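# Residue-level structural notes
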Amino acid sequence: MPESYEEDIRALELFAEMEEANFDALMRGAYVQNFPPRIDLIHEEDRPDFLHVVLTGSVDLYSSWNGRESSMATVRPISTFILAATINDLPYLMSARTLERSRIVLVPSTDVRQIFSKDPAFARAIVTELAQCYRSVVKNTKDLKLRTSLERLANYILRQQTLSGSTEFDLTMEKRRLASFLGMTPENLSRAFKGLEPYGVKVSSNHISIVDPDDLARFAKPNPLIDDHTT
């Protein structure tokens, strides 16, 4: 594997503090692969052969049941998926596919588990990441159960405004995927966008403009115990 890729992986909190010899052993079995868009990488119910590290591009984590499909999360560089299945050697609970051309490192799951058992710093980092994932799941569940579809969309727009640093920005996913992510149908999403117009939200294709962020925030009532996914 090119040294520059190893440096990018080493910079992740998951790998940053582990012993050098153990990191080198982990990288010896890993390899980099480029994937075109819309390629299935893993399927729910499959056993985890690899821990995946996204270096470039983006990956959609999704789940299917009874003819229905829902987008669960989007993985962007530089980050891993799905760590819990790898550590526990249990079937994936989600599937994954590339959204665009992506470069991904595949680290054998058996190597990850072996080093987890003997490198305390690596083990602590894994526990920390899994704890963060658990908190994110709780926040997402609260978002879905405690808010109306209009409130979920309003808070999503406010989060995107914070990430973009501007009151005008483009959606980072197509509207059909956004509807799935927010737990609504595409038709309900269209109605929700119209429902936010009185609060200063203007939509043109995938471009969002917020005329009055304070008015939108008064309606949305953002809460860090739901909306802050950094802690």
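Computed from a predicted model, the values in this text were never measured in an experiment.

Once that is clear, we can look at the domain arrangement of the protein chain. You can read the domains of the protein chain as domain 1 (3-143) and domain 2 (147-227). If you average the C-alpha positions of domain 1 and of domain 2, the two centres end up 28 Å apart. Counting residues at the interface gives twelve residues for domain 1, matched by eleven residues for domain 2. Summed over both sides, the interface between domain 1 and domain 2 buries roughly 1,000 Å², with carbon and sulfur atoms accounting for 39% of that surface. Of all residues in domain 1, the largest losses of buried area upon contact with domain 2 belong to Ser71, Lys139 and Asp143, amounting jointly to 52% of the total for that side.

So, on to the packing of aromatic side chains. Tallied over the full model, the rule gives five aromatic pairs. Consider the rings of Tyr31 and Phe50, whose centres lie 5.8 Å apart with planes at 90°: the pair is edge-to-face. Taken together, the positions of Tyr31 in strand β1 (residues 31-35) and Phe50 in strand β3 (residues 50-56) put the pair 19 residues apart, joining distant regions of the chain. With a centroid separation of 4.4 Å and an interplanar angle of 25°, the aromatic rings of Tyr199 and Phe219 are classed as stacked. Of the two residues, Tyr199 sits in the loop between α9 (186-195) and β10 (201-204) while Phe219 sits in helix α10 (residues 213-220), which places them 20 residues apart along the sequence. Tyr199 sits in the partly exposed class, given a relative accessible area of 26%.

Moving on to the packing of helix α7 (residues 149-164) against α10. Orientation of α7 relative to α10, taken along the N-to-C sense of each, is 135°, at an axis distance of 9 Å. Between α7 and α10, the crossing angle belongs to the class labelled oblique. You can see that α7 and α10 cross each other, and the crossing is left-handed. Residues Leu150, Glu151, Ala154, Asn155, Ile157, Leu158 and Gln161 of α7 pack against Pro213, Leu216, Ala217, Phe219 and Ala220 of α10. For the contact of α7 with α10, the class distribution of residues is nine nonpolar, two polar and one charged.

Okay, the UniProt feature "domain: HTH crp-type" (unreviewed entry) in the protein chain next. According to UniProt, the feature "domain: HTH crp-type" (unreviewed entry) maps to residues 147-214 in the numbering used here. From the first C-alpha to the last, residues 147-214 spans 19 Å; its make-up is 51% helix and 16% strand.

Throughout the structure, instances matching the rule amount to nine salt bridges. Asp60 serves as the salt-bridge partner of Arg97, at 3.6 Å between the closest nitrogen and oxygen. Taken as a pair, Arg97 in strand β7 (residues 95-98) and Asp60 in strand β4 (residues 59-65) lie far apart in primary sequence, 37 residues in all. Each member of the pair, Arg97 as well as Asp60, is classed as buried. The partner of Asp227 in a salt bridge is Arg159, with the nearest N and O atoms 2.7 Å apart. One end of the pair, Asp227, is in helix α11 (residues 224-227); the other, Arg159, is in helix α7, with 68 residues separating them in the sequence. On the basis of relative accessible area, Arg159 is assigned to the buried category, the value being 18%.

Here the UniProt feature "domain: Cyclic nucleotide-binding" (unreviewed entry) sits at residues 14-133. Regarding residues 14-133, the helix share stands at 33% and the strand share at 37%, and the terminal C-alpha atoms are separated by 13 Å.

Each value, and the rule that gives it
- Residues numbered from 1 in each chain as written.
- Predicted model: local features only at pLDDT ≥ 70, side-chain atom pairs only at ≥ 80, totals over all residues.
- Heavy atoms only, no water.
- Domains from an automatic or database assignment.
- Contact = heavy atoms within 4.5 Å.
- Buried area = accessible area lost by both parts, 1.4 Å probe.
- Phe/Tyr/Trp six-rings, centres within 6.5 Å; stacked < 30°, edge-to-face > 60°.
- Helix = DSSP H or I, 4+ residues; strand = E, 2+ residues; numbered from the N terminus.
- Buried < 20%, exposed > 50% of the residue type's maximum accessible area, 1.4 Å probe, protein only.
- Axes fitted to C-alpha atoms, helices over the stretch in contact; angles between N-to-C directions.
- Parallel < 35°, antiparallel > 145°, perpendicular 65-115°, else oblique.
- Left-handed = near helix turned anticlockwise from the far one by under 90°.
- Nonpolar A, V, L, I, M, F, W, Y, C, P; charged D, E, K, R; others polar.
- UniProt positions renumbered as here; feature names shortened; annotations may be inferred.
- Salt bridge = Lys/Arg side-chain N within 4 Å of Asp/Glu carboxyl O.

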